[in-house]
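Close look at the chain arrangement
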Amino acid sequence: MKKYLTAIARFYRGNPTAIMGTFIVGSLIIMSLAAPLIAQNEPTKRVARGHQAPSMELLFGSTRSGKDVFSQVLHGGRISLTVAFGAAALTTVIAVLVGISAGYFGGKVDEILMSVTNIVLVFPQLPLLIILAAFLGQVGPLIIAVIIGSTSWAWGARIIRSQTMAIRNKEFITSAEVMGESKARIVLVEILPNLISIVVGGFVGTSIYALMAEAGLEFLGLGDPTVITWGTMLYWAQSNSAFIVGAWWDMVVPGMAIAIMGGGLALLNMSIDQISNPKLKTGAYIKIWRKQKAQMIARRARS
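Note that the structure is predicted; figures quoted are calculated from it, not measured. Counting starts from 1 at the beginning of each chain's written sequence and moves along it residue by residue. Under the rules for a predicted model, residues below a pLDDT of 70 receive no local features and side-chain atom pairs below 80 are neither given nor counted, while totals for whole chains, interfaces and linings still include all residues. Side-chain metrics in this entry use all non-hydrogen atoms of the structure; hydrogen atoms and water are not considered.

Looking now at the packing of aromatic side chains. Two aromatic rings from Phe, Tyr or Trp, using only the six-membered ring of Trp, form a pair when their centres are within 6.5 Å; if the ring planes differ by under 30 degrees the pair is stacked, by over 60 it is edge-to-face, and anything between is tilted. Applying the stated rule across the entire model yields five aromatic pairs. Both rings, one in Tyr104 and one in Phe105, keep their centres 5.2 Å apart while their planes meet at 75°; by these two values the pair is edge-to-face. The buried label goes to any residue with under 20% of its type's maximum accessible area, the exposed label to any with over 50%, and the partly exposed label to all in between, with areas taken from a 1.4 Å probe on protein chains only. A relative accessible area of 6% places Tyr104 in the buried class. Overall, the relative accessible area of 42% leaves Phe105 in the partly exposed class. For the pair Tyr235 and Trp236, a centre-to-centre distance of 5.2 Å together with 65° between the ring planes defines the contact as edge-to-face. With relative accessibility at 41%, the residue Trp236 sits in the partly exposed group.

Strands are runs of DSSP state E lasting at least 2 residues, helices are runs of H or I lasting at least 4, and numbering of each runs from the N terminus. Helix span, expected: 1.5 Å multiplied by one less than the number of residues in the helix. The end-to-end C-alpha distance of helix 8 (residues 154-168) is 21 Å, a good match for the 21 Å that 15 residues give at a rise of 1.5 Å each. Among the residues of helix 8, those classed as buried are Ala154, Ala157, Ile160, Arg161, Thr164 and Ile167. Looking down the long axis of helix 8, one finds its buried residues gathered within 135° of arc, a one-sided arrangement. The criterion used for residue contact is that any of the two residues' heavy atoms lie within 4.5 Å. Its buried side turned inward, helix 8 meets helix 4 (69-105), helix 5 (107-122), helix 9 (171-178), helix 10 (183-191) and helix 11 (196-219). Here the arc refers to the set of directions running from the helix axis out to each C-beta atom.

A few words now on the environment of Ile94. Here Ile94 is to be found in helix 4. Taking the C-alpha atoms as reference, Ile94 lies 9.3 Å from Ser152; in sequence the two are 58 residues apart. Not counting chain neighbours up to four residues away, the residues in contact with Ile94 comprise Gly149, Ser150 and Trp153.

Take the side chain of Arg161 next. Structurally, Arg161 can be placed in helix 8. With relative accessibility at 18%, the residue Arg161 sits in the buried group. Dropping the residues within four chain positions of it, Arg161 is found in contact with Gly99, Ala102, Gly103, Asp110 and Met114.

To continue, consider a nonpolar patch on the surface. A patch is a set of surface residues, each over 30% in relative accessible area and not in a salt bridge, joined within 9 Å for like charges and within 5 Å for the nonpolar side chains Val, Leu, Ile, Met, Phe, Trp and Tyr. Computed with the Shrake-Rupley method and a 1.4 Å probe, the accessible areas treat only the protein chains shown as cover for residues. When a carboxyl oxygen of Asp or Glu is within 4 Å of a side-chain nitrogen of Lys or Arg, the pair counts as a salt bridge. On the surface, a nonpolar cluster with roughly 540 Å² of combined accessible area is contributed by Phe135, Leu136, Leu142, Ile143 and Val146. For the nonpolar patch, the secondary structure elements donating two or more residues are helix 6 (125-136) and helix 7 (141-151). Top element by residues in the nonpolar patch is helix 7. It accounts for three residues. Within the secondary structure, Phe135 sits in helix 6.

Two elements in contact, helix 6 and helix 7, have axes separated by 10 Å at closest approach and are oriented at 145°. Seen along the crossing, helix 6 lies across helix 7 with a hand that is right-handed. The residues of helix 7 that touch helix 6, namely those facing Gln125, Leu128, Leu129, Leu132, Ala133 and Leu136, are Ile143, Ile147, Ile148 and Thr151. Here an angle of 0 to 180 degrees is reported between the N-to-C directions of two axes, which are lines fitted to C-alpha atoms, with helices fitted over the stretch in contact. Two helices that cross are described as forming a left-handed crossing if the nearer one is turned anticlockwise from the farther one by less than a right angle, and a right-handed crossing if clockwise.

No statement about biological role is implied by the geometric values presented.
See below:
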């Protein structure tokens, strides 16, 4: 545990981008989880007669049906973030399995897996998402997460494959094979830890894409309009002509929630790149990278 805490502290030291991104993402997650405690009104309860501008009673105003926008954006965030992180987790798992298997085993395994990956890459993702969602009808958040997660793994798999191929011929991998280590242990203990920064970066990047894709599908009316999410809030605001009637808060609030969350995740993704990508290491990051490189060389020398 101490080792992991030290690694986390080292990541944030001299890394203001990561601190800011974590603060934004963490704040929105905590507020969404604590929605029943923070919001005074139920998201489905009518508290006003039609649109009402933001006030002390209704912090972010009300919708056309008289529902509290502040309560809806907090409760809706729970589902939107669950979809985003769930889809990103599914994408990451598939990308890691395909990428490491293709890169380490090579041969026919690599050929078959990369053929499937190339087929997935041929289809443009957004039209594919729209077609699948339209084919299935009005789908719930779980199905949207599965659709996004099962169609967004190909690029990550290719990146992980290329990194695995670079690691596969390293001395410590050869030593482990000569010592008779099982392939499963080599993959899990020797290869995967060296891909952590790439895997985490891919997860964060996919979370951004999944958040936007989920909101886009629901904005187009392909999601379940009875479930409160940031995307369905935008759908109802557009359907009720919020901007035309002057109720700008009905659309701006969920839109800002998506933008702020996406910005926080983007900051986290940038900070991970600045730590793991040698081409982006400048200022304080080069000191962290040099220290990490020296520690890695020392560990290899001891092994």
